[in-house]
Amino acid sequence: MEPLTWTGALGPVLTPLMMAAVALFLLALVANWGLSLAGAKSGEIAYENGQAVLVSRSPLDYSMMAMKYAILLFLACCLAYIVAGMAIPDPRTKGIIGTVAGRFAPVWIALLVTFALSIWFKRRLGLYGKLFDSGIGMVGFAIVMFWVFAAIFGGPLDLIVTHDPLNQISGLKNEPPGSVVPNAAEDGYYPYYLLGGDNLARDVFSRMVEGAWEVMKIAPFATLFAFMVGITLGLPAGFYGGRLDTFLSFLANLILAFPVILLFYLLVTPEIVETGIPVYMAAVLFLFPIIFVSVMINSRYYTQPGFRTPVLAVVLVVLGWLYLSLVHQSGTKIDFLPAALSGLDLFDIPGGILVVFVAVMFVNSPTVFRIVRGLTMDIKTRDYVAAAQTRGEGVWYIMLWEILPNARGPLIVDFCLRIGYTTILLGTLGFFGLGLPPESPDWGSTINEGRKLLSIYLHPALPPALSLLSLVLGLNLLADGLREESLRD
Amino acid sequence: MGLFFLRRLGVMILTALCLTFIVFFLTNLYPNLEKLAKTQGNMRMTDAEVTQWLDNRGYLQPMPVKYAQWLGVAPGWTREFQQDGQTVVTGRCLDGAVPAAEAAEAPRFCGILQGDWGYSTVFRDSVASIIGTRLGLTGYLMFWVMLLMVPSALLLGVLAGMREGSRTDRTLSTFAITTTATPEYVSGVILIAVFASSAVGLRWFKGTATAAMENPNFENFFLPVLTIALYGMGYIARMTRASMAEVMTAQYIRTARLKGVSFPNIVMKHALRNALIAPFTVIMLQFPWLLNGVVIVETLFNYKGFGWTLVQAAGNNDIELLLAVSVVSVIVVLVTQLISDIGYVYLNPRISVT
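Residues numbered from 1 in each chain as written. Chains lettered and ligands numbered in written order. Predicted model: local features only at pLDDT ≥ 70, side-chain atom pairs only at ≥ 80, totals over all residues. Heavy atoms only, no water.

An unreviewed UniProt entry annotates chain B as ABC transporter permease of Rhodosalinus halophilus. Looking at the Sequence similarities (unreviewed entry) heading of the UniProt record, one finds this comment for chain B: "Belongs to the binding-protein-dependent transport system permease family." Quoted verbatim from the Subcellular location (unreviewed entry) field of UniProt, the annotation for chain B is "Cell membrane". (UniProt positions renumbered as here; feature names shortened; annotations may be inferred.)

In the annotation of an unreviewed UniProt entry, the entry for chain A reads ABC transporter permease, and the organism field reads Rhodosalinus halophilus. What the UniProt record of chain A gives under Subcellular location (unreviewed entry) is the line "Cell membrane". What UniProt states about chain A under its Sequence similarities (unreviewed entry) heading is, verbatim, "Belongs to the binding-protein-dependent transport system permease family."

## Looking at the UniProt feature "transmembrane region" (unreviewed entry) in chain B
All names here are of chain B. With numbering aligned to this structure, UniProt lists the feature "transmembrane region" (unreviewed entry) at residues 9-30, 141-162, 183-201, 221-238, 276-301 and 321-347. End-to-end, the C-alpha atoms of residues 221-238 are 27 Å apart, and along that stretch the chain is 100% helix and 0% strand. Each end of residues 276-301 is marked by a C-alpha atom, and these two atoms are 33 Å apart; helix forms 92% of the span and strand 0%. (Helix = DSSP H or I, 4+ residues; strand = E, 2+ residues; numbered from the N terminus.)

## Brief notes about the state of the cysteines
Within the structure shown, the criterion is met by zero disulfides over all chains. Summary of cysteine pairing: Cys78(A) is not part of a disulfide, and the nearest cysteine sulfur, belonging to Cys77(A), is at 6.9 Å. (Disulfide = S-S within 2.5 Å.)

## Things to note about empty space enclosed by the protein
The full count for this structure, using the stated rule, is seven cavities of 30 Å³ or more. Taken as a whole, the largest cavity holds about 120 Å³ of empty space. Lining the largest cavity are 13 residues, and of these Ile424(A), Thr428(A), Glu184(B), Asn292(B) and Ile296(B) lie nearest its centre. Of all the elements in the fold, those that place two or more residues in the lining of the largest cavity are helix 10 (260-267) and helix 18 (408-431) of chain A together with helix 8 (184-195) and helix 13 (287-301) of chain B. Among the residues making up the lining of the largest cavity, the classes are represented as 10 nonpolar, two polar and one charged. (1 Å grid on protein atoms, 1.4 Å probe; cavity = no way out; pocket = protein on both sides within 12 Å on 5 of 7 lines; lining within 4 Å. Points joined across faces, edges and corners; volume = space filled by probe spheres on them. Nonpolar A, V, L, I, M, F, W, Y, C, P; charged D, E, K, R; others polar.)

Set out below in structure tokens:
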């Protein structure tokens, strides 16, 4: 069998079109610059029913139009690749690009459904719905959701990946994209390595998709927990001020003054894991969500003990159980459940992931603390806080039910940015080979492996690098869109 | 002002002490010491031999005592041996085994307060000289990074912020967001792939900066500089843009416009100075992040500077080198914070420290 080409039979049709689109765009761009430098103005504008309408077009407007249509043409070609990839069954006809696009078929469908539903109901969806009014926000949301769906469908549902990300097939070491898997039919393998093989003859494409799942497993949750820690400590620090604030701020600045990589090297090495410090840190840090939730419920329903007590009891039992099964790991320093009760331990997080999780959370929470503290100091002078105090509300009620909801805008924006930053940190850990096992398909480790042979073989390092770049970019754009829309109110 | 400065200095010293103690504590945990003993001595040492090895080198003293010795506020440890029929002494302040008479004349205190940074177990050289050379190399790198990053970031930010919402603003902001979203290990890999790999064919630059330590030139030094600069640039540019956009909506700019001042004049003479206050502090606070970038880039491009030393020291649990590295980086971070605070006060007449 022949190895796949990049574009397959679609190439002769679509490639010239895409080239033409790029050329047209560049020409129009140069023309636009030239015209505006030469002092050309856009055509006459008239207002009809409150909307601006161009009455006559000047050359400047025509160059703008050309740019717009060039972009549309380019996007149409990309769409053609996706549709062809889903419609044509034979990989040889649709080429590598078409096949990869086709493998992501569940993701495209899920994206389409998400967008259709969200845009249909956007007036009823609050801030989330408003996101669909901003172009940048929609692009960012699309990229982020692409990777979320890719992670879910590729990881636990096993739909997108073509090979086992850890499986090595001899003869495919560093082979270029589109290589044919020898004896695929007999061994029951997918017949191609779509994006080539890496240094250990594993499929780069499958590892990239699995890497998305590795990131999605850790980054959002680590960020969420860091937020809980930051909020639980930042609210009282900003509200009370004084000694408490000085002390907590000092601690936060202490962690922030550490070079992140040094901290990772000190926390995530096997020797430190052996001493149990990360497990103890996990035991302390994971207490904060419980404190946060229970104080929140208690302060809200304090006046209705009949309702509060059962709810609080149920919540505490459930969260406490989750906490204990999370903290208890047989074989580590925190191993307190007797063997007879081991059924109570609901799940075990693999040691490497827990350490990475804790390290990332630990690095992120001081920044969240500082943001929450600043917001609290600002909001506590507002009238509605004074009104709540006059009503005789408790301090924690004011913090959690008056101040926190009013600080949500900046916090949501920062949450998106921070997931991106956490992804970068995870990649950094992988890049230095810390924490996660070396064969783990996460993007950082894959980049680290691929970079060693970068000057000869590009294909193992580039896909994870570009994936990480696009995910973080998507999160940044999403945060920008959210900021714009939340400022608009 | 004096009181403010003194207070900040006190907090700084306290922070530095706490941080170095944390590093000291973590590097001196027993599993780390065991690994050190096995890599320095013999991989097949028994547990008793490891304890013996550590004890002979003063590693098994209580943690606060060791920390005080390293700091130079407690006398260094000494230990007497019988060797060739006479008493010899080894100790923290002694170079190998020396006769008792000579040992009595050696200084009793030798910590960083006395200027004795210790001895690196990985590089087998004195820590002070290693840090000196490596910092020099990294300083050179940082100089060029700053020279590339700061002007281009300010230019980007001012161009984007002077007409908020315009097409130039949209384009430049997207570029800035893209660079902040690209960590160094991604942009470095992409830059090497495009400009240095034989697979693409554009072999404009070298993919490694090892030669740049001796003989830096554009070909072998530009990619590492660009990689660090790109990541920091986006952030500074966005801050500059925000500050510029805010200044452009101020009353006095409107007054100037209504007076008939030309747009370039408004930007250059009226807006620019006030718009650059915020970016100044941002640039100063970027130093800790640059330190991060330096570690990644020096590893990626194999440029044996300060960041590379950090990785080597941390990877091999070279305690004294690691401590020196953290002291230096913590001082860099704290001093830049102080400078940014003081600079902010001087640049912004609306804020005073008293």
